[in-house]
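Coordinate inspection notes
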Amino acid sequence: MTRIAMYAEPLPPSGGIDARSVRRTLGTYSMDFWELFLRETLQNSWDAATESRPAEFSVDGWPLDPGQLQSLRRLLPGADLDNPGLRVLTVTDTGTKGLTGPTRADRVGEDDPRNFVDLVRNIGRHPDKGFGGGTYGYGKAVLFEASSIDTVVIFTRIRTSAGIECRLIGMSLTDPYRVGRRQYTGRHWWGVPHSDVGVEPVTGPTAERMARAIGLTHLSGDATGTSVMVIAPRTGEEHLSDVVAVMADTATRYAWANTVGQVGSPPGLTLRFTCDGSRIELPDPATDARLRYFVEAHRRCRSVFDGAAGDHPWPWAVQEIVGSRPEQRLGVLAWRTYRAAASGSHARPPAEIALMRRPGLVVEYRNVTPDPFGHAISGVFIADPELDGDFARAEPPTHDRWQPRLAQRQRYARNPVSQALNRIDRIFKERRTDNATTPTTEAATGVSRLANVLGTLLDTQAGGTDIRIPAGSDNPVHDPPTTSSGAPAGHNDTPTAHNGGKGRQQRHHGRGSRSTTGPTLRFHPRPRQIVLRDGGRAVEFDIDLTGASGASLTLIAQPLVAIADGAPEPADETTPVEVLHWRDRDNGDLTPGPQLTLTTVTSEHWTVTLTQPADAAVTVRIRQEEVTPT
């Protein structure tokens, strides 16, 4: 039977770092502790991912059953495990390299893999380790901070030249203390006694058996990876299920780029969270309301790095951020504006840029200057891979922000991290300054927003005079009128926010004139707001017809939602707008629905009525279709 013992590290005669100093290496952080715990452990797991991927990262919480508790007491003799209802929290990465390398800090392994000693033995990060997300640096202190008894158990399975190898070891990090005249650092390990290093990890089938006995079962078969068990998690007044839920939400918000995969390739990471056997379902970032634009922005940034010359039509803005002295690409920024979901009349729409670098995890959601027209902003900035080391150095041990001073290599040298952040901030500040003369209010209703978005338009004045509404062929509000067969008819597009009261659009410049027999439609862009019987709101737009030939004609009204910084967009399920009816202003007759069919034009004055959402501005596009006699 394998003998297990605890080893308490004495302070060496030459001095050293005690456990209290290790715990302080985290410094201050700007988030909930369990968010920090999740980010650090997930980053370490992602660093250990193999090239083949995909990897799985899982978090599980549960109370130990009597058998598991008894096995844990045999593994950790002398630990404070008297609580019969002891709960544990495990973090497991599967399909990763595991804790490779030697088990002694004074030994060098093949190609110098030092994952085991960097987590279990060393303090800090080896200078040759590189700059992955976590790399088992100072941030490993979160493991001990998470335990109310400062104790964890680590099980890993790795692949060596001799085959599969398993390792199991316990660790504790307390305050330094004195026994008699001997000073101890506060670092402790449980394992197989060894004369040189105190204890070595349990290995082989014994490690497998003991790991399974305490509930570390996610590394099945010969799968490689690492599982860390936090004993008696420090939950305070929260239930463990709430803690796991916080971590699940954090993983969704910060690791989405690795869970959705790139075009043509599967996701590199799968997330799994359970508590007391119940699994927490995670949203799909590509369709989630708060993440989908970040996912799309990330894809557009990656396309630039990959050399793809794809188009990025409005409302997307994609640009390389370039530094000076030397002139170099600092990274790529992609962002867009959109209508924020209704969240209260005084809520400010978010304006955030997700900052990222090579590991693919979000470092920080950086707040930028809000949109001048009350819309939300979502975007992604990815640091150039050539400057990954500079941006990595700018991260504190918690990896939760970029601090440019940490990346300053020479006293007066230009700092690429500082330049990148300043240029990103300037882009959005200049948008605000350029539109500072535009009055806005966060509590504006839909109709008052419409006046703000479309500008102050007179009935006799061409629309689109507001510089925020782009003009030209890219404006999507005009479609050629079609016959019932779908072939192009005349050029009698109804004016909306772009062409105002001009009626006809001359699209085929240089191809000669084309005659039309249909009527000219004059659109009055100033709406009227009305209250419906059920208390809802609606808006009315007047449309006049002149020069009608008497031919059968169908007018089709398509609701549009007015968007700042671009052309109105068709309404969709996120902001539904319904065309209630057409009203003949001469006799008051109503025609329900979006279509008005005229076989004999008896009136030249019509009004189309649409529902008015509380949190959006609406306008309308009118399309003509000539009815082909059957």
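Okay, so let's go over this structure. (Residues numbered from 1 in each chain as written. Predicted model: local features only at pLDDT ≥ 70, side-chain atom pairs only at ≥ 80, totals over all residues. Heavy atoms only, no water.)

Turning our eyes to something else, we now look at the packing of helix H2 (residues 33–47) against helix H7 (residues 240–254). The N-to-C vectors of H2 and H7 enclose an angle of 55°; their axes lie 9 Å apart at closest approach. It follows from the interaxial angle that H2 and H7 lie oblique. Two packed elements cross with a definite hand, and for H2 against H7 that hand is right-handed. Facing H2, whose interface residues are Trp34, Glu35, Phe37, Leu38 and Arg39, H7 presents Val243, Val246, Met247, Thr250, Ala251, Arg253 and Tyr254. Of the residues contributing to the contact of H2 with H7, the split by class is eight nonpolar, one polar and three charged. (Axes fitted to C-alpha atoms, helices over the stretch in contact; angles between N-to-C directions. Helix = DSSP H or I, 4+ residues; strand = E, 2+ residues; numbered from the N terminus. Parallel < 35°, antiparallel > 145°, perpendicular 65-115°, else oblique. Left-handed = near helix turned anticlockwise from the far one by under 90°. Contact = heavy atoms within 4.5 Å. Nonpolar A, V, L, I, M, F, W, Y, C, P; charged D, E, K, R; others polar.)

We now examine the side chain of Thr224. Relative to the elements of secondary structure, Thr224 occurs in the loop between helix H6 (204–213) and strand S10 (225–231). The exposure class assigned to Thr224 is buried, which follows from its relative accessible area of 13%. Separated by 2.6 Å, the side chain of Thr224 and the backbone oxygen of Thr96 make a polar contact. Each residue touching Thr224, except ones within four places of it in the same chain, is listed here: Asp93, Thr94, Gly95, Thr96, Lys97, Arg157, Ile158, Arg159, Ile164 and Leu219. (Buried < 20%, exposed > 50% of the residue type's maximum accessible area, 1.4 Å probe, protein only. Polar contact = N/O pair within 3.5 Å; in protein donor to acceptor, adjacent residues only side chain to side chain.)

We now examine the sheet that holds strand S26 (residues 605–611). Strand order across the open sheet formed by five strands is S19-S20-S26-S23-S24, with antiparallel pairing between neighbours. The sheet terminates laterally at strand S19 (520–531) and strand S24 (590–592), the two strands that pair on one side only. Recorded for the sheet is a direction-independent mean angle of 20° between the axes of neighbouring strands. Looking at chain direction, strand S20 (residues 537–546) and S26 are connected through seven bridges and run antiparallel. Its bridge partner being in S26, Ile543 is matched across the sheet by Trp606. (Pairing = 2+ DSSP bridges.)

Bringing the sheet that holds strand S13 (residues 317–323) into the picture now. Within the open sheet, the five strands sit side by side as S13-S14-S17-S15-S16. Their pairing is mixed. Only two strands of the sheet have a single partner each, and these edge strands are S13 and strand S16 (362–367). On average, each strand axis in the sheet is inclined to that of its neighbour by 20°, with strand direction left out of account. Summarising the sheet, strand S15 (residues 351–356) and strand S17 (residues 376–383) pair through six bridges and their orientation is parallel. Within the sheet, the bridge partner assigned to Leu355 lies in S17 and is Phe381.

Residue position: Arg299 is located in helix H9 (residues 292–305). Here Arg299 falls in the partly exposed class, since its relative accessible area comes to 36%. For the pair Arg299 and Val380, spaced 81 residues apart in sequence, the C-alpha separation works out to 9.4 Å. Within the structure, the side chain of Arg299 is placed 2.6 Å from the side chain of Glu296, a separation counted as a polar contact.

The subject of this paragraph is empty space enclosed by the protein. Counted by the stated rule, this structure contains six cavities of 30 Å³ or more. Reported here for the second largest cavity is a volume of approximately 90 Å³. Taken together, 13 residues make up the lining of the second largest cavity; nearest its centre are Lys140, Phe144, Met171, Leu173 and Arg187. Within the residue set of the lining of the second largest cavity, elements represented by two or more residues are helix H4 (115–120), strand S5 (163–173) and strand S7 (182–194). A breakdown of the residues in the lining of the second largest cavity according to their chemical character gives eight nonpolar, three polar and two charged. (1 Å grid on protein atoms, 1.4 Å probe; cavity = no way out; pocket = protein on both sides within 12 Å on 5 of 7 lines; lining within 4 Å. Points joined across faces, edges and corners; volume = space filled by probe spheres on them.)

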